[in-house]
Amino acid sequence: QAAVLVPPGTGAVPPAQPGPWIERVVGWLGKVFLQDSPTRPASPEAGNTLRRWRCHVQRFFYRIYAGLRIEELFSIIRDFPDSRPAVEDLKYCLERTDQRQQLLISLKAALETRLLHPGVNTCDIITLYISAIKALRVLDPSMVILEVACEPIRRYLRTREDTVRQIVAGLTGDSDGTGDLAVEL
């Protein structure tokens, strides 16, 4: 199933296929390269050039869109499953670009600066960790990204004194926010 790309910040309803919004954005290429009119038909060379440029522009948009989603990935994970379409969009773009390393570096940095410090409750860390597991499974079914990106969370949770207590409370339903833990296990 193909993801549905919607230009960021448009608030638009997603199109049925990822290509239509890109076609609207790059439709001007046809006018520039083909300059097709009833008096002057387009040449085959212009058609070939248009196809090459369309491919380049599509890759460019996928890279830019993926870069934007990568920057937002911490928030996307935090809001999962409501943010599932954004995860699927990112997955679609990552399949067409070579940005997995950028994603790993950015996500690890975001986790370390926004989550893994003494000011965050252990319960909140566990809750986000569960969301990360769910979201990153959708993003990368091979779970390579999950293993690499979430290693700092696992390592940090081992240093917290109340981690075991919070996990047990989550399993028994005695704490807020970690009820998903019992469901996951």
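The name given to the protein chain in an unreviewed UniProt entry is Anaphase promoting complex subunit 2, with the source organism recorded as Nannospalax galili.

Colleague: Looking at this structure, how should I read the overall build of the protein chain?
Modeller: The helix and strand tally for the protein chain stands at 10 helices and zero strands. Within the protein chain, the proportion of its 185 residues that are buried is 42%. Nonlocal contacts in the protein chain, meaning residues at least 24 apart in sequence, comprise 66% of its contacts between residues at least 6 apart. When the accessible surface of the protein chain is totalled, it reaches about 10700 Å², and 56% of it is carbon and sulfur.

Colleague: How should I be thinking about the nonpolar core in this particular structure?
Modeller: Within soluble globular proteins, side chains that are nonpolar generally end up buried alongside one another. Core analysis: the biggest nonpolar cluster contains 41 residues, and L115, L136 and I153 have the highest contact counts within it. Taken together, the elements giving at least two residues each to this core come down to helix 3 (44-71), helix 4 (73-78), helix 5 (84-94), helix 6 (100-114), helix 7 (122-139) and helix 8 (144-159). For this core, the leading source of residues is helix 7, giving 11 residues. Excluding anything up to four places from it in sequence, L136 contacts I77, L107, I145, L146, A149 and C150.

Colleague: Sorry if this is basic, but what is going on with helix 8 here?
Modeller: Between its terminal C-alpha atoms helix 8 stretches 24 Å, which fits the 22 Å expected from 16 residues at 1.5 Å a residue. The largest bend along helix 8 measures about 45° and falls at C150, with the proline P152 one to four residues further on. Of the positions making up helix 8, those classed as buried are I145, L146, A149, C150, P152, I153, R154, Y156 and L157. Elements that come into contact with the buried residues of helix 8 comprise helix 6, helix 7 and helix 9 (163-172).

Colleague: Would you explain the packing of aromatic side chains in this entry?
Modeller: Two descriptors summarise a pair of aromatic rings, namely the distance from one centre to the other and the angle between the planes of the rings. Scanning the model with the defined rule gives two aromatic pairs in all. For the pair F60 and F61, a centre-to-centre distance of 5.8 Å together with 70° between the ring planes defines the contact as edge-to-face. Seen in terms of ring centroids, Y62 and Y92 are 5.7 Å apart; in terms of plane orientation they differ by 75°. Their pairing is edge-to-face. Linking Y62 in helix 3 with Y92 in helix 5, this pair joins segments that are 30 residues apart in sequence. Like Y92, Y62 is buried. Over the ring of Y92 we find R96; its NZ or CZ atom is 3.5 Å from the centre of that ring.

Colleague: Sorry if this is basic, but what is going on with the packing of helix 7 against helix 8 here?
Modeller: For any two helices packed against each other, one specifies the inter-axial angle together with the distance between the axes. Where helix 7 contacts helix 8, the two axes come as close as 10 Å, and the packing angle between them is 170°. Taken together, helix 7 and helix 8 sit at an angle that is classed as roughly antiparallel. Here T122, I125, I126, Y129, A132, I133, L136 and L139 of helix 7 come into contact with helix 8, specifically with I145, L146, A149, C150, I153, R154, Y156 and L157. When its residues are assigned to classes, the contact of helix 7 with helix 8 shows 14 nonpolar, one polar and one charged.

The rules behind these values
Residues numbered from 1 in each chain as written. Predicted model: local features only at pLDDT ≥ 70, side-chain atom pairs only at ≥ 80, totals over all residues. Heavy atoms only, no water. Helix = DSSP H or I, 4+ residues; strand = E, 2+ residues; numbered from the N terminus. Buried < 20%, exposed > 50% of the residue type's maximum accessible area, 1.4 Å probe, protein only. Contact = heavy atoms within 4.5 Å. Areas by Shrake-Rupley, 256 points an atom, 1.4 Å probe, with all protein chains shown as cover. Core = buried A, V, L, I, M, F, W, Y, C linked by side-chain atoms within 4.5 Å. Expected span 1.5 Å × (residues − 1). Bend = angle between axes of the 7 residues up to and from the residue. Phe/Tyr/Trp six-rings, centres within 6.5 Å; stacked < 30°, edge-to-face > 60°. Lys NZ or Arg CZ within 6 Å of the ring centre and 35° of its normal. Axes fitted to C-alpha atoms, helices over the stretch in contact; angles between N-to-C directions. Parallel < 35°, antiparallel > 145°, perpendicular 65-115°, else oblique. Nonpolar A, V, L, I, M, F, W, Y, C, P; charged D, E, K, R; others polar.

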